[in-house]
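# Inside the fold
Take a look at the letters that make up each chain.
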Amino acid sequence: SNMNAHYLESVRPVNGEYNILCQYIRHDKMDVLRLLPDGVVFTTLLRHPLDQFLSVFNNFDIKSAIPNLQVYHNPYREFFRNPDRIAKLSPDSIYHMLQNSMSFDLGLNPIKFKESDVVDEFIAKVDQDFHLVMILEMLDESLVLLKRLMCWDLKQLIYVKLSMNNEYKSSVDEDIQQKILEWNAIDLRLYNHFKAKLETLVAAQDESFHAEVSALKALNTAFWKECYTNALPVFNGNKIGFILSEDHKNNATCKLLATDDVTQTHIIGMKQFKALIPPSDVLMVRNHMQNLKKRNPAMLEWNDVKDVLQPAKEDPDTVNEF
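This text gives an overview of the structure that appears in the document. Starting afresh in each chain, residues are numbered from 1 along the sequence in its written order. Given that this is a predicted model, residues contribute local features only at a pLDDT of at least 70 and side-chain atom pairs are listed and counted only at 80 or more, while totals for whole chains, interfaces and linings are drawn from all residues. As a rule here, side-chain values cover all heavy atoms of the structure and leave hydrogens and water aside.

## With respect to the packing of aromatic side chains
Rules: Side-chain rings of Phe, Tyr and Trp, where Trp is taken by its six-membered ring, are said to pair if the distance between their centres is within 6.5 Å; with planes under 30 degrees apart they count as stacked, over 60 as edge-to-face, and otherwise as tilted. Secondary structure elements are defined from DSSP: runs of H or I of at least 4 residues count as helices, runs of E of at least 2 residues count as strands, and each element is numbered from the N terminus. Each ring is checked for a lysine NZ or an arginine CZ that lies within 6 Å of its centre and within 35 degrees of its normal; such an atom marks a charge sitting over the ring.
Scanning the entire structure with this criterion turns up 12 aromatic pairs. Ring geometry for Phe 80 and Trp 183: centres 6.4 Å apart, planes at 85°, overall edge-to-face. Taken together, the residues span a long stretch of sequence, with Phe 80 in the loop between helix H5 (75–79) and helix H6 (83–87) and Trp 183 in helix H11 (residues 174–183) at a distance of 103 residues. Its guanidinium or amino end placed over the ring of Phe 104, Arg 26 lies 3.8 Å from that ring's centre, counting from NZ or CZ.

Below, the structure is given as structure tokens:
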């Protein structure tokens, strides 16, 4: 899209080329190919549309964002009393996230939502564009397939769960859950297509694949036990915090993997654009990290990352770690 192209051009690296593009942008294959080298691998991740909608509704505080919902104890029921009208009352920045948000992110124009043949063509194009479409509910299997696709090592796939996936479902009545799925019918078609494809792919794998899935689960369990003493109570609706073990309270890897994606994006942005960042933005990142660390003590702290703002050292072999 033009919006994507403008953004990507504005952050083009000095050498004109990225190695990895991993961010929340709408998919446009040609936009990406203009910035990445030949042989680029396209991957994405889908989750169940019910969880996706509820996550958007809560993480972006839709109840507060739409005035008509603020006075209702059950904002979901009020929203689905007339979803088309109420969705249009939302701010422009979140309007397209309220219906079929995964399909929108992958390039489907909302005015085509009711054209079944166009939706079929869209799903086929996603299938053609992406080398691997992962499914959150089959994350370990998806990651092992990604590892094989990219020729990586299992240790590069260790992850720490920093939020609950289906945290809101239990508080939503079954009839509303059904309305959510009907409202996000295209996302459901998209999800079902790629979940079935992934299940077929996994079923066709040999024993070594399933051994790697088991090994990844074991690696994750061992890493969590080594790095953290325990998880803290859920905060901000679905976020999880950890406490570092005494033996690893200064371990950079333990801290990094306990740090959420938003904070890591801020840190990478400071490092990439340090010559252009105004002091007010730096202060915003510092305050964000200090406030979040109160609920998640295991994450990176400001002292761990502030050095990324320093001028690069002359020695080309020096690696700036944070």
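## Describing helix H3 (residues 49–59)
Since the α-helix packs 3.6 residues into each turn, any two residues three or four apart lie on the same face. Selection criterion: Relative accessibility decides the category of a residue: with a 1.4 Å probe and only protein chains considered, values under 20% of the type maximum give buried, values over 50% give exposed, and everything between is partly exposed. Note on contacts: a residue pair qualifies if any of its non-hydrogen atoms lie within 4.5 Å across the two residues.
Burial analysis of H3 places 9 of its 11 residues in the buried class, which makes it a mostly covered element. Listing the buried residues of H3 in full gives Pro 49, Leu 50, Asp 51, Gln 52, Phe 53, Leu 54, Ser 55, Val 56 and Phe 57. Of the surrounding elements, those touching the buried residues of H3 are helix H4 (62–65), H5, helix H8 (101–105), H11 and helix H12 (185–203).

## Quick notes on the side chain of His 248
Applied cut-off: In protein, a polar contact requires one atom able to donate a hydrogen and another able to accept it; more generally it is a pair of N or O atoms within 3.5 Å, and residues adjacent in sequence count only if both atoms are side-chain atoms.
For His 248, the location among the structural elements is in the loop between strand S4 (242–244) and helix H14 (252–257). For His 248, a relative accessible area of 15% translates into the label buried. Side-chain polar atoms of His 248 contact the side chain of Glu 226, separated by 2.7 Å.

## Examining the state of the cysteines
In plain terms, the rule: A pair of sulfur atoms, both from cysteines and within 2.5 Å, is called a disulfide here.
For the coordinates displayed, the defined rule picks out 1 disulfide. The disulfide bridge from Cys 227 ends at Cys 254, spanning 1.9 Å between sulfur atoms. Judged by the sign of its S-S torsion, about -65°, the cystine formed by Cys 227 and Cys 254 is left-handed. Residue Cys 227 is located in helix H13 (residues 207–227), and its partner Cys 254 is located in helix H14; the two are separated by 27 residues in the primary sequence. By the burial criterion, Cys 227 is buried, and Cys 254 matches it. Cys 22 takes part in no disulfide bond, and the closest cysteine sulfur, belonging to Cys 151, lies 19 Å away. Since its relative accessible area comes to 68%, Cys 22 is described here as exposed.

## A word on the packing of helix H10 (residues 139–150) against H12
Going by this rule: Structural elements are reduced to axes, namely lines fitted to C-alpha atoms, with helices fitted over the stretch in contact, and the angle between N-to-C directions of any two is expressed from 0 to 180 degrees. Should an angle lie under 35 degrees it is considered roughly parallel, over 145 roughly antiparallel, and from 65 to 115 roughly perpendicular; all remaining angles are considered oblique. Left-handed describes a crossing whose near helix is turned anticlockwise from the far helix through less than a right angle; right-handed describes the clockwise counterpart. Each residue is assigned to one class: nonpolar for Ala, Val, Leu, Ile, Met, Phe, Trp, Tyr, Cys and Pro, charged for Asp, Glu, Lys and Arg, and polar for all the others, Gly among them.
Running from N to C, H10 and H12 cross one another at 70°; their axes reach a closest spacing of 11 Å. By the angle between their axes, H10 is roughly perpendicular relative to H12. Every pair of crossing elements has a handedness; the one defined by H10 and H12 is left-handed. Along its contact with H10, which presents Glu 141, Ser 142 and Leu 145, the element H12 presents Leu 198, Leu 201 and Val 202. Tallied by class, the residues present in the contact of H10 with H12 amount to 4 nonpolar, 1 polar and 1 charged.

## Section: unusual backbone geometry
Even without glycine at this site, Asp 61 takes up a positive phi of about 50°. Exposure remark for Asp 61: the relative accessible area of 40% places this residue in the partly exposed category. Unusually for a residue other than glycine, Asn 100 sits at a positive phi of about 50°. Topologically, Asn 100 is positioned in the loop between helix H7 (92–95) and H8. Among the residues examined, Asn 100 registers a relative accessible area of 2% and is labelled buried.

## What about the nonpolar core?
Quick reminder of the rule: To qualify as a nonpolar core, a set must consist of buried Ala, Val, Leu, Ile, Met, Phe, Trp, Tyr and Cys residues joined through side-chain atoms within 4.5 Å.
Core analysis: the biggest nonpolar cluster contains 37 residues, and Leu 46, Leu 106, Leu 108, Phe 122, Ile 135, Leu 190 and Phe 194 have the highest contact counts within it. Of all the secondary-structure elements, those providing two or more residues to this core are helix H9 (116–129), strand S2 (132–135), H10, H12 and H13. By residue number, the principal contributor to this core is H12, which donates 6 residues. Among all residues touching Leu 108, those that are not within four sequence positions of it are Arg 26, Ser 103, Phe 113, Val 118, Val 119, Phe 122 and Ile 186. Counting residues in hydrophobic clusters, the runner-up holds 20 residues, among them Phe 57, Ala 87, Ile 94 and Val 172.

## Considerations on the environment of Val 56
For Val 56, the position within the fold is in helix H3. Relative accessible area serves as the criterion here: at 6%, Val 56 is assigned to the buried category. Considered as a pair, Val 56 and Ile 158 are 102 residues apart in the sequence and their alpha carbons are 26 Å apart. The residues contacting Val 56, other than those within four sequence positions of it, are Asp 61, Ile 62, Met 97 and Ser 101.

## Description of the pattern of salt bridges
It is possible for side chains of opposite charge to pair when their charged atoms get near one another. Our working rule: The rule for a salt bridge is simple: a side-chain nitrogen of Lys or Arg has to be within 4 Å of a carboxyl oxygen of Asp or Glu.
Going through the model one piece at a time under the given rule, you end up with 15 salt bridges. Through salt bridges with shared partners, one network takes in Lys 29, Lys 125 and Asp 129.

## Quick word on helix H16 (residues 279–293)
Rules: For a helix, the expected span equals 1.5 Å multiplied by the residue count minus one.
Given a rise of 1.5 Å per residue, 15 residues ought to cover 21 Å, and the 21 Å separating the end C-alpha atoms of H16 matches this to within 8%. Of the surrounding secondary structure, the elements contacted by the buried residues of H16 are helix H15 (261–272) and helix H17 (302–305).

## Digging into the packing of H9 against H12
In the contact formed by H9 and H12, the axes pass within 11 Å of each other and the chain directions differ by 40°. With respect to each other, H9 and H12 are oriented oblique. The chirality of how H9 crosses H12 is right-handed. Residues Ser 116, Val 119, Asp 120, Phe 122, Ile 123, Val 126 and Asp 127 of H9 pack against Ile 186, Arg 189, Leu 190, His 193, Phe 194 and Lys 197 of H12.

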